[in-house]
Structures are given as structure tokens and as C-alpha cells.
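# Residue-level structural notes
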Amino acid sequence: MLPFKKIIIIDDDKTVNLICSYIIKKHLPDVLFEAFTNPEEALKSIKQGIHNAAVTTVILLDINMPTLTGWEVLEHLRKMLPNFNEHFSVYMFSSSIYYRDREQSQANPLVTDFIDKPLTIDKLDRIIDAENSKRTAPTIAT
Amino acid sequence: MKKPYKILHLEDVQTDSEQVAFELKKNNIYFEILVIDSLVAYEDALDNFKPAIILCSHSMPALNSIKALEVLKEKKLEIPFILITSILNEEIVMSVIKKGADDYIIKDRLMRLPFALVNSIEKATHKKDRKKMDVAAFEKEVSIKKDLKMLSEKLKLASKIVGLGVWEYNVADGIFTADDTILQLNGVTRNAFNGSQLFFIKMVHPDDLETFKKEVAEGAAKEIYIITFRIILPDKSIRWLKSVIKHQRNKGGQIDRIIGTSQDVTEHKLRELAIKESDEKYRSFFENSMDGIVLTIPNGTVVAANPAAQVIFKMSEKEFCNCTRYDLFDYHDQRLQPFLDERNKNGRATGEFRLLRHDGTSFEAGVSSAIFSDANDYQQSSLIIRDISTRIQAQQLILQTSTALQNALEDVKKILSSSLDIICTLNDSGNFVTISSACKQIWQYSPLELVEKNYLNFVHPDDVEKTIQMKDSVKNGNPVTIFQNRVIRKDGEEVPMLWSARWDQSAELMYCIAKDATDKVRFEKAFEYERQRFKEMFHQAPSSIAALKGKDYRFELANNNYLQLIGKTNIIGKTLKEVLPEVEAQGFIKILDAVFETGNVYQANEMHIQLANGGNDLLSDLYLNFIFQPYRNQNCDVEGIFIFANDVSERVMARRKALTETANLQSILNNTDISYILLDKHIKIVAFNRKANENMLAVYGTNLENGQYYPDRLDNETKQEAKGSIQKVFAGQIISSEVYFPSINGQPRWYLYKMNPISIENNVSGVCISAEDITTKKEAEIEREQITSDLLQRNNDLEQFNYIVSHNLRAPVANISGAVSILNNKDLDSQTKELFWNAVSISVNRLDNVIQDLNTILEIKTKQHQQKEYVQFIKLTQNIKDSIAKSLDEAGFTILTSFDEIEGIDTVKGYLYSIFYNLIINSLKYRRHNIAPVLSITSRKIGNSVQIIFSDNGLGFNAEKKKDQVFKLYKRFHNNIEGKGIGLFIVKTQVETLGGHIEVISREQEGTTFTITI
């Protein structure tokens, strides 16, 4: 069974969203998919969808966007939902080959990983593996 | 051993349960925990694990807190229950608490858990205990009521003991009741009391009555108030009372009853007055004391100084408050430390030492000091100071006078004994009282033979009569200067005597001087004396003396000094030319000839002469003060010449050397560009060089003068700083600082100030202040910093540029790669194929655009040196307006221009065109649609620069947040308006290429203003 039920992509580039939509729908037909070109709208939608908290959601977040950068979106998420890590897993998603973006992603505890564009099946599998290894069973401690 | 708390934890997330356990361990809570996440496990644990407390996460897939509480209720278990929730949702928390939870904890506030856990467990334990206690409660209540009654009795007794009287006035029926204590306080018996409140008011002291009435009237509005007043008792004694008065009001707010307590506070009040009086006494002493009084606190700050101290120190009270005792004491004075030691040891001390005035002068003072605590227990120390400089001066004067007196007395004795004349005193009856030893010589009687004898016994019988007459005349106040008589010597010979005499009425003595009128003795003695004196003078004289006789200048006399000077012996009888052949060539014979012929004295100071005085022919340089004095024979003809000579060679040479050294030093000091000022230990200027004076003139417009108090030359701010620094230098420090002057002769300057102590035998006796103009060095330093910061900025820009370019080149490439990999699938339907081919085509176009942008930018950056020409702003604007007239019309866009102040500039036309174009297009693109869009372009002249200001009423942006971003490549703030984010980057690059800079201010929904300065 998949460790998540939904993927949200936030990227101002429509072409990127088109490619992602095709790849995800083809390889993970059961997963819900939603794409936003405007980060503000994405935030609004995530906030409203919080009641559906039992579902774990993967977010692919572009870094370079005109109104809000990916980092700013992340900051908004953190403030809006103090424990959003419980239900969301964020992947920074960028065409950038700039080393700082990668470093910054690794340093940020709210980010699970950095994925460079374009999205491929291999990269999708990598996300599934990462999400699987996050889940663990309860134990008894003394 | 204590049992562990048994904790049942309902939680499905392992990290959360681990964190709970960690938090409890961290707080040393001894526990056993079972973590479960299903209903079955829960019910089982309640039966078998028997927890002391339940911690429950709000929602788990198989169980939630509401359900858990319901199970607990069904089982009729009273186990404390704490909800642990990740979000603070009040609704959830309230509903769970209603269901019976004891407490709740937010997950990221887990630190509160240990406390809440222990608290809930203890509360539950108490709850069980309380049930057992209910029966005992009733018995307890009865016993409490009993105690309460006893307590009220005790209270009454207590108030009686402290003398607290209670009274009550019922306003409705006018009845005034008072207890025994009240009557006692007022000195009346119950029988005398008539039951009216007026009874007591009549007893109020007439002086306090008005205040009393006023306070009561004001008090009526309050719930409770206190008044203090005097009363006169029937026995006429006066007491102070303090009453606390409380009002009780009915529902309408009217006063129903007034209840009050009264207490005799006379003792307290009298003490208070006594303290006040003593304080006033002290104050008056402080203000009027003739001695200076200064109060300080332990850190040395002066807190008060009386008028006398202000006079002694020549300081105002304000100046006192700005100084500490360290400013008053002269720490160089050896007597100070023992005084301070004694004061610290015994709490008080007296002593005499030097104190410093505000103007830097010092004075001798008698000081007594004590450490005491004031009324508030703050430690202070007092200094009582008396200026004793006058006293010490007087003491020294007395000492001087008495020494002078002693010397005078001794002189008198000497005169008396060495005098050739007889000096004597006679009493009223004519007996000798004192007589000088000359009597032995003249009269052959020793003083002892004459004392207490009557002088008439020695006067020649024929002269007795006139001598008595003369004595009476003298006694009547007519002093006599010449009176002649004869005295009979011991051997019977008569001696003629000349007397002078005067009568001193206060001493009742006649002072007489008697001379031997024959004079023979006198001359003999005088001649011998003179001869001796000449001989001594001649030989002992510090000068070199010689006498030359005749026209050929033969040596007749020469003293030892002279022989030493010329380095010869056996010269008497030889001629000057024989003895000193070298002087003729130096012109000395000619001088002597002139003296010999004219008879005039020749005098010369510090005359240069060369003498072979070393025993060989070598000449040595000498400087002499000369006198050539002719002497004459009985016929008044010049017979010879005295030579008086003083060797001043050493002095002259030393002075020349010193002068040369001083001149050298002076020339170094006056030609250096460093200014120097020397201060003595009173911080007064003792020397300064030319540069120092120039600087002083440039900064303060005044000249330096020796003897000035240096800090007075500075402005107030610098003064305090300089004083502090100089104090440190006196303590041995070397001070160095860089100081900035905004304008010296119209130029900003930097100076390096150094202060060095001038030490003589390990004592700092002064300060050397030097100031060096380091402006050039400093400017170079600042320029270097500027270049470094520019470089950093450029480097940053480059990195940013690099980042943007790589991202924007990579983005379309990534898209192409993604789309192509999809298109590679064989089984795509035609619609999908079309979709992704289209995506490839869009991305290829984007890539092309980016590459074209890059080309534009690189073109600007590489072609830096373009031909400049004069460009008129108005024409340029018109050209652009024409080229985009259609877009402007459609938008109803207005461009207002004002280029009156400056109409155009010499510049690269293409760039300025691009700048104007981009900024106009920018305003057009980001206009507000609900308002008529206006852009105003204005030019201004600022110094040597030109400013062009573009101000619109468009969408604007949050400049505080985005200011750094606005000029960056591919940065856009608006989602719904087409734009590449390259326009402003190009504008900025072009402005900078033209050597200018651009700034922006903006507010969202108000407008944007770009200011270009070239």
C-alpha cells in the first residue's frame, strides 16, 4: 500500500505541471493529484483541506516563483499548521543546479528531500521509498 | 522503596510516546508505562495493568479520547485522565474535559506534563481521602464556632491593651455611642459624657479645628479615611489622636452609620516633631557653617556641599554635583593616604593636606571626616574643610620674623662689641645699665667696673654741672646729637668725649653714644682695617686683578686668579708684551693705549681673547668680562692701569651650546607637521609649537598662551573627555586615539592624538599632547574598505546573476527533457502527443528568449565606453510616447513632465532611451485599473549630479520586503501580469554603466517612485 494518498504540486510553470500531471496519473492512478500555479491559492486550499487530516500528502514545491518563493511558502505552512509535518511531506522541486538550494533543503527540517526537474518515474519511486521509511510501529518503553 | 507511577499511554505515533517517556525521565519521575493504540488493548490494560493515570492522544485510527473516557465511565473507574493533543482546538479540549478528563497538554508544551501528571495523581488520592472525612466535618464546625467566640473576646481585650477605642454614630437616630477606651482617651468619665458627638468635637484643639472639619467634610465621600488631630483634655493637657473612620451606607448610597476607632498617638507625634526639629538644626548648621562641608557616598560622588564649601573650592553647587572627591583631593600629597587609612579604620579622621580647587589651584586645608549612615541607612561620608593656607602663611611669617629678630639681636651685639664708640644705657638715677666693650679702650675701665655705677662719678668735675643740665633736657624729650664734656680715665688722664643721647620713656632708659673726640684711635684702627680689607679683597677677589705701570705696561701687581688666568708666574716687573706677546695682534695694546691717553675707563663684556695659558704655545679661546681702570699719581696724571677680568668662558660656551640646542629643537618642533603641547602638573600649558597654535586657531579660533589651564581652551564636551584622559596619563598611562573633525578650514580631517606622561625621577610632572594629521592615511583606509565592500557587492551580484541564469536556462531544458521522455512512449494517443509537442515548442521559445536576454545584458556590460551626446529629456520622452501611442491611449495613460530645472545631459543616448522606455512601460504595465493612471517625470539638479524621478500611481509593491529583489534578473511580483522580470534589471545595469545609481520607494496600491541619480 502507498504511504501517501495525495500529491500537490506548486509551480508557476504550467509546462512543469503538465509533465508532472501526466507522469503521476500514469504511474500512480490511485493517488489524488492537484497542481497550483499560484502559491497563495495553494496555501488557501491546503488550509481548507486540513479537516481531511488522516490522509498523508506529498507536496512538490518549486523554489523560484514570482510572488512567493518556495521558502516563503514553507514558512507560511509552518506558521499556519504548527504540526503540519504529521500530515504533509514537502519536497523542494526545482530546475536549479545552484548548490545553495540543495544545501538549504538538506538543512531545513521541514523538507524531506530535494528533487530536480523534470519529474520522472525513478524520482517518483524515490519519494515512495522515502515516505515508507518514515512510518514505524509503536513500542513499549519503561 | 517508592512504587513507580503506573502510566497507561494511548498513542499511535511512536516518536510522540518516546518523547513523553523522555520528558518524564528528564524530570526524575519514577514510572512504568504501557503504550497502546487499540480499544481491545485499552480495556485489557484497565483490568490487568491497573494504571494510576491515563495519558491519551486525541485521535488515533482505532480509538479516540472521548471513547476512552466513556469506557472508563462504564467501568466506573476513577483514574485521572490527561489529554495530549497536537493542536490547541478549544472545542475539542472542552468536550474532552466535559467528558471527565482532568487536564490537557499541548504536544509542543510537553514540559508541563510531569507537573500535571503528579498533580492529577495526588488530586485523585485526595478525592478518595475526602469521602472519609465528611463525617468529621460537622463536629469540627461546632468547635470552630466556639473558637470564633473566644477569638472575638480576645480581640476586644487586645484593642483595650493597645488603647484602641471604638465609637459609633447612628446617623438616622443621632445616637453616638463610645466604649470605655474612647472616654479614657478623652479624659472624661461615663457620667460626664452626654451622648452627643458634639461633646467630642468641642474638645478638638482650636488650631486644628478648621483642618479637622475640612477633612471630615472631604471624608464623607470616601468609604474609609484617617484623620490625625489634637484635643484638649479637661485637665488642659494636649494629646494627639488618630482616628480611622468608616462609613456604612444604605442601598440608596446614604450614610447610615459611622464607625470609628481612635488611638492616642501623642508619643509618636512628638518623636516625629523632634526628628523634624533635629533635621532643621542640622540643615541650618550645614547652610551656615563657616567651615566647608561636603557629603559624599561610598563611590566618591559628591551629594551635597554647603555654601562655605562652594566659596572655599570656588565651585557652584552644580559643579560640585558633577565631581567626585577624587577631583577634590590632591593624590600627590603624601599626607592624604594616612588620613584615608585612619578614616577607613576608625570611621573618622582629622588631618591637614592639600586640596584642589575647580580652577586647578590648590590650597592647604584642615579636614575632618567621618563615615555615617543617614536616616535611610545609606552610607555617606562627611568632609569638614577649613582653608588653613592663611594660618600656615602666618606661621611661616612668624618663624621668619623671629629668625630675623634673632639675627638683628646678634647684629646689635656685634655692633656693640666691635664699635669704636661707647654705647651705653643709663637709668633714671644716672647709673650705667649696659655699656659696650669700647669703654675699656677709651676709659680703661671694663664694662663690669662701670655697670651700676653713676656716670657722674667719671665726668670731669668742671663739666658735671652742664652734664646734669643736658641730662635733664634729654629726659624732657629733647634728644641731643652733639654734646661735649670730659671724662677722667682710670689712669687719671682726661678724655674729651662727644655724646649723643635720647630718652626712652617706656623703658625709662637713656640711650647714649660716646665718641673719643681725640680721633687718634679711630684713624689708626680705620687705617689698619682698610689695609686689611684691600689686601683681602685683592687676593681673595673672585676676579683676576693686575696693575700695569707706565707706558710700557710693566706688571706692578697681580693676584692669584690673574696668574691662573694667564697661566704664568713671576711676572712682576716684566712688560705686558714680554708676558703675553700674543695679545698685541688681538688689539689689546691699542685699547690700553687709549685708556692711558684719555684716562677713560674701558669696559667690555664677554670679550673673546686667545691666550697661550696651557704652558705651551697653543692658544685657547676664552671669554672675559674686562675693566681697564686708569689710576693716577698725585699730579692727577695717569700713572698706570688696573686690569679687572672675569673668566666667563664656561658660561658663554654653555649658553651658546644651549642656545644652539634649543634653536635646533625649536626648528624641529616648528617645522614638524605634528602639533605638541606640554602641560605641567596643574594641567597648565608650559610650551607648544607653531603647528599646535595653528590647529587651535583652526578648530576653536583662539590662540594658545603659556600658563593657560589647558581644558579651558576646549569646548565643553571635549573638556570633560580631555580631563579624564589627562588624569589617566598622570596615573602613568599612555593614551592614543583617532579623532574626527568635520570641518577644519572647511575640510574634514582625522587626527591621531597621543598623550604621554613626562616623568622626572619616576614622578609624572606633566603631560605631552601630540596631534598628527592622519587624514590621508585614514582616507586611504576608508577608501580601501569601500573598495572591499564594492567588491563583495559585485561578487554577490555575479553569484546572483549566475544563479538566475543557470536556473532560467535550465528550466526550459528540464521541461524539454521531461516532455521528450513522455513523447518517447510508442502508445501515445494523438491528442497527448500534440499536447507535449506543444510543451516542447513553448519551452524552446523560452530558451531562445532567455538566450536573447542574456545577449542584451552582456552587450550592455561589455560595451561600456559608448560615444556620448547631448540628450534632451523632453524629446526623448516624446519619441517614446509616439512609439507606444496606441497602448497609452488604450489605457488612458497620462505622462506629466517637468524638465525646467535641467533640460538634458551628455550621455549615451541608447541607454537613456532604454531606461526611460523601460520605466514608462513598467508604469503602464503595473497600473491600477480602478483609477486614471498617471506617471510624472521630473528632473532636478543636486550638486554636480542630475536626478530624474519617475513617480506613478500604479499597483506598487511592498518595498520593505521586496526592495532588494526589485532590480534582480527574472524577479516578478505580480502573477497575473505578463512580464519576464528583465526590464528593471536592464535599467539598473544601464544606470550603473552610466556611472549612476537607482533607488525605489513604493507602497502597495499607492504607487512607485524610481529615482535615478547620474
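As a starting point, this report considers the structure included with it. (Residues numbered from 1 in each chain as written. Chains lettered and ligands numbered in written order. Predicted model: local features only at pLDDT ≥ 70, side-chain atom pairs only at ≥ 80, totals over all residues. Heavy atoms only, no water.)

Take the overall build of chain A next. Helix and strand content of chain A: 5 helices and 5 strands. Scanning chain A from its N terminus toward the C terminus, one meets helices and strands in the order β-α-β-α-β-α-β-α-β-α. Buried residues in chain A amount to 52% of all 142 residues. Contacts in chain A between residues far apart in sequence, at least 24 positions, make up 68% of those at least 6 positions apart. Counting every atom, chain A has about 6,900 Å² of accessible surface; 53% of that belongs to carbon and sulfur. (Helix = DSSP H or I, 4+ residues; strand = E, 2+ residues; numbered from the N terminus. Buried < 20%, exposed > 50% of the residue type's maximum accessible area, 1.4 Å probe, protein only. Contact = heavy atoms within 4.5 Å. Areas by Shrake-Rupley, 256 points an atom, 1.4 Å probe, with all protein chains shown as cover.)

Whenever strands of a sheet pair, they do so through backbone hydrogen bonds, lying parallel or antiparallel. All names here are of chain B. Strand order in the open sheet made by the 5 strands is E9-E8-E12-E11-E10, with antiparallel pairing throughout. At either margin of the open sheet sits one strand with a lone partner, and together these are strand E9 (175–178) and strand E10 (224–232). Taking each pair of neighbouring strands and ignoring which way they run, the sheet shows an average axis angle of 20°. As defined by bridge partners, strand E11 (residues 238–249) adjoins strand E12 (residues 255–264) across 9 bridges and the pair is classed as antiparallel. (Pairing = 2+ DSSP bridges. Axes fitted to C-alpha atoms, helices over the stretch in contact; angles between N-to-C directions.)

With that settled, consider helix H1 (residues 14–27) of chain A. All names here are of chain A. With 14 residues, H1 extends 20 Å from end C-alpha to end C-alpha; this agrees with the ideal 20 Å at 1.5 Å per step. What H1 keeps buried is the set Thr-15, Val-16, Asn-17, Ile-19, Cys-20, Ser-21, Tyr-22, Ile-23 and Ile-24. The backbone nitrogen of Thr-15 has a side-chain oxygen 3.0 Å away, supplied by the residue at the start of H1, namely Asp-13. (Expected span 1.5 Å × (residues − 1). Polar contact = N/O pair within 3.5 Å; in protein donor to acceptor, adjacent residues only side chain to side chain.)

Attention now moves to helix H29 (residues 909–925) of chain B. All names here are of chain B. An ideal rise of 1.5 Å per residue puts 24 Å on 17 residues; H29 measures up with 24 Å between its terminal C-alpha atoms. Counting buried residues in H29 gives 12 out of 17 residues, a clear majority hidden from the surface. When H29 is considered as a whole, its buried residues turn out to be Tyr-911, Leu-912, Ser-914, Ile-915, Phe-916, Asn-918, Leu-919, Ile-920, Ile-921, Asn-922, Ser-923 and Leu-924.

A separate point is the interface of chain B and chain A. In this assembly, 38 residues from chain B lie in contact with 38 residues from chain A. Interface of chain B and chain A: buried area, both sides summed, is about 3,100 Å²; carbon and sulfur atoms make up 54% of it. Taken together, the links from chain B to chain A amount to 2 salt bridges. Arg846(B) is the salt-bridge partner of Asp13(A), the closest N and O atoms lying 2.7 Å from each other. Mapped by element, the contributors of at least two residues to the side of chain B that touches chain A are helix H1 (14–26), strand E2 (31–36), helix H25 (775–823) and helix H26 (830–862) of chain B. In terms of residue count, H25(B) provides more of the side of chain B that touches chain A than any other element does, 12 residues in total. (Buried area = accessible area lost by both parts, 1.4 Å probe. Salt bridge = Lys/Arg side-chain N within 4 Å of Asp/Glu carboxyl O.)

A word on the environment of Lys549(B). Residue and element names in this part refer to chain B. Tracing the chain through its elements places Lys-549 in strand E23 (residues 544–549). Separated by 26 residues in sequence, Lys-549 and Thr-575 place their C-alpha atoms 9.0 Å apart. Discounting chain neighbours no more than four positions away, the residues touching Lys-549 are Arg-554, Glu-556, Tyr-631, Glu-639 and Gly-640.

Our next topic: a nonpolar patch on the surface. All names here are of chain B. On the surface, Phe-534, Met-537 and Leu-557 cluster together to form a nonpolar patch covering roughly 290 Å² of accessible area. Mapped onto the secondary structure, Leu-557 falls in strand E24 (residues 554–558). A residue is classified by how much of its surface remains accessible, and Leu-557, at 31% relative accessible area, is partly exposed. (Patch = residues over 30% accessible without salt bridge, like charges linked within 9 Å, V, L, I, M, F, W, Y side chains within 5 Å.)

Overall, the coordinates contain 25 aromatic pairs over all chains when judged by the stated rule. Between Phe313(B) and Phe363(B) the ring centres are 5.5 Å apart and the planes differ by 70°, which places this aromatic pair in the edge-to-face class. Of this pair, Phe313(B) sits in helix H10 (residues 307–313) while Phe363(B) sits in strand E16 (residues 362–373), placing them 50 residues apart in sequence. Of the two residues examined, Phe313(B) and Phe363(B), each falls in the buried class. Ring plane angle 85° and centroid distance 5.9 Å describe the contact between Phe329(B) and Phe353(B), whose orientation is recorded as edge-to-face. Within this pair, whereas Phe329(B) is found in the loop between helix H12 (325–328) and helix H13 (336–346), its partner Phe353(B) is found in strand E15 (residues 348–356), the two being separated by 24 residues in sequence. Summarising the burial analysis for this pair, Phe329(B) and Phe353(B) share the class buried. Over the face of the ring belonging to Phe93(A) we find Lys117(A), whose NZ or CZ atom lies 5.7 Å from the ring centre. Cation over ring: Lys778(B) sits above Trp750(B), and NZ or CZ is 4.6 Å from the ring centre. (Phe/Tyr/Trp six-rings, centres within 6.5 Å; stacked < 30°, edge-to-face > 60°. Lys NZ or Arg CZ within 6 Å of the ring centre and 35° of its normal.)

Bringing the state of the cysteines into the picture now. Scanning the model with the defined rule gives 0 disulfides over all chains in all. Cysteine Cys439(B) shares no disulfide, and the gap to the nearest cysteine sulfur, in Cys424(B), comes to 8.9 Å. (Disulfide = S-S within 2.5 Å.)

All names here are of chain B. For E23, a buried count of 5 out of 6 residues is recorded, marking the element as mostly surrounded by other parts of the structure. By the bridge criterion, 6 bridges tie E23 to strand E27 (residues 638–647) in an arrangement that is antiparallel. In the strand pairing of E27, Ile-545 is matched with Phe-644. The pairing of E23 with E24 spans 4 bridges and is classified as antiparallel. Of the residues in E24, the one forming a bridge with Ala-547 is Leu-557.

Time to look at the packing of H1(A) against H25(B). The N-to-C vectors of H1(A) and H25(B) enclose an angle of 35°; their axes lie 10 Å apart at closest approach. The two elements H1(A) and H25(B) meet at a crossing, and its hand is left-handed. Taking contact as the criterion, the partners of Thr15(A), Val16(A), Ile19(A), Tyr22(A) and Ile23(A) in H1(A) are, on H25(B), Asn815(B), Gly818(B), Ala819(B) and Ile822(B). (Left-handed = near helix turned anticlockwise from the far one by under 90°.)

Let us look at unusual backbone geometry. The linkage connecting Lys117(A) with the following residue, Pro118(A), adopts the cis geometry, with an omega of 0°. Tracing the backbone through its elements, the reader meets Pro118(A) in the loop between strand E5 (111–116) and helix H5 (121–134). Although it is not a glycine, Glu508(B) adopts a positive phi angle of roughly 50°. Despite not being glycine, Glu606(B) shows a phi value in the positive range, around 50°. Relative to the elements of secondary structure, Glu606(B) occurs in strand E25 (residues 602–611).

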